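# A structural walkthrough
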Amino acid sequence: FYSFNDSKTPFLVACSSIILKFILNATFIDKLGIAAITLSTSLVTLFNGVLLGILIIKRIKLGYKRYFINLIKMLFAAFITFILVLFIYNMWNYDSWILHLIKTTVIVLLYIIIYTLFSMLIKVEFASELISRILNYAKNKF
């Protein structure tokens, strides 16, 4: 928008995002407590990005279909991975904080590995690029 000398549109979207954040915080704070801030921030960021994306379509023709297909694939991969990891997480019950720390570390690593493999399996466009960048980085460092 700024490259088109249009600072008004992002300003108005930002103002509407602030109003939406206030409304969401007021709505969710009684039910979710402090987590309402995180949820409302995520939803407002999504609203802001989608609205700016919709408005920029009028000026620039980008291949949004490709991005939305990949977004749906990534959401699907994240959901399936979440279910699998949640099942594994609930199998371990420890009272020691050090064992909880180890459990959490293992779960995070499992999530990353399973999500990445599942993303590659369903051919998320950016997963193979990420893997190649990580392998190139590791090859150059070591």
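Here is a short report on the structure shown in this document. Small disclaimer: the values here were computed from a predicted structure and weren't measured.

With that settled, consider the overall build of the chain. When helices and strands are counted, the chain shows five helices and zero strands. Going from N to C terminus, the chain has its helices and strands arranged as α-α-α-α-α. For the chain, buried positions account for 17% of its 142 residues. A fraction of 60% describes how many contacts in the chain between residues 6 or more apart in sequence connect residues 24 or more apart. Looking at the chain as shown, the accessible area adds up to about 10900 Å², and 74% of this sits on carbon and sulfur atoms. Charged side chains of the chain number 14 positive and 5 negative; the gap between the two group centres comes to 10 Å.

Its identity is not glycine, yet Asn-5 carries a phi of approximately 55°, on the positive side. Looking at the element boundaries, Asn-5 is found in the segment before α1 (8-32). Overall, the relative accessible area of 75% leaves Asn-5 in the exposed class.

Our next topic: the side chain of Ser-119. For Ser-119, the location among the structural elements is in helix α4 (residues 97-121). Ignoring anything within four residues of it in the chain, the contact list for Ser-119 reads Ala-77, Val-124 and Ala-127.

This paragraph deals with the side chain of Ser-17. The topology assignment puts Ser-17 in helix α1. For Ser-17, a relative accessible area of 5% corresponds to the buried category. For Ser-17, the contacting residues outside a window of four places in its chain are Val-44, Phe-47 and Asn-48.

Here we take up helix α2 (residues 35-56). The end-to-end C-alpha distance of α2 is 32 Å, a good match for the 32 Å that 22 residues give at a rise of 1.5 Å each. For α2, the secondary structure elements touched by its buried residues are α1 and α3 (64-91).

A word on the packing of aromatic side chains. With the rule as written, the count across this model stands at two aromatic pairs. Judged by centre distance (5.8 Å) and plane angle (40°), the ring pair of Phe-76 and Phe-118 falls under tilted. Pair noted here: Phe-76 is in helix α3 and Phe-118 is in helix α4, with a separation of 42 residues, a long-range link. Directly above the aromatic system of Tyr-89 lies the positively charged group of Lys-103, at a separation of 3.8 Å from the ring centroid.

Criteria and cut-off values
- Residues numbered from 1 in each chain as written.
- Predicted model: local features only at pLDDT ≥ 70, side-chain atom pairs only at ≥ 80, totals over all residues.
- Heavy atoms only, no water.
- Helix = DSSP H or I, 4+ residues; strand = E, 2+ residues; numbered from the N terminus.
- Buried < 20%, exposed > 50% of the residue type's maximum accessible area, 1.4 Å probe, protein only.
- Contact = heavy atoms within 4.5 Å.
- Areas by Shrake-Rupley, 256 points an atom, 1.4 Å probe, with all protein chains shown as cover.
- Lys, Arg positive; Asp, Glu negative; His and termini not counted.
- Charge placed at Lys NZ, Arg CZ, Asp CG, Glu CD.
- Expected span 1.5 Å × (residues − 1).
- Phe/Tyr/Trp six-rings, centres within 6.5 Å; stacked < 30°, edge-to-face > 60°.
- Lys NZ or Arg CZ within 6 Å of the ring centre and 35° of its normal.

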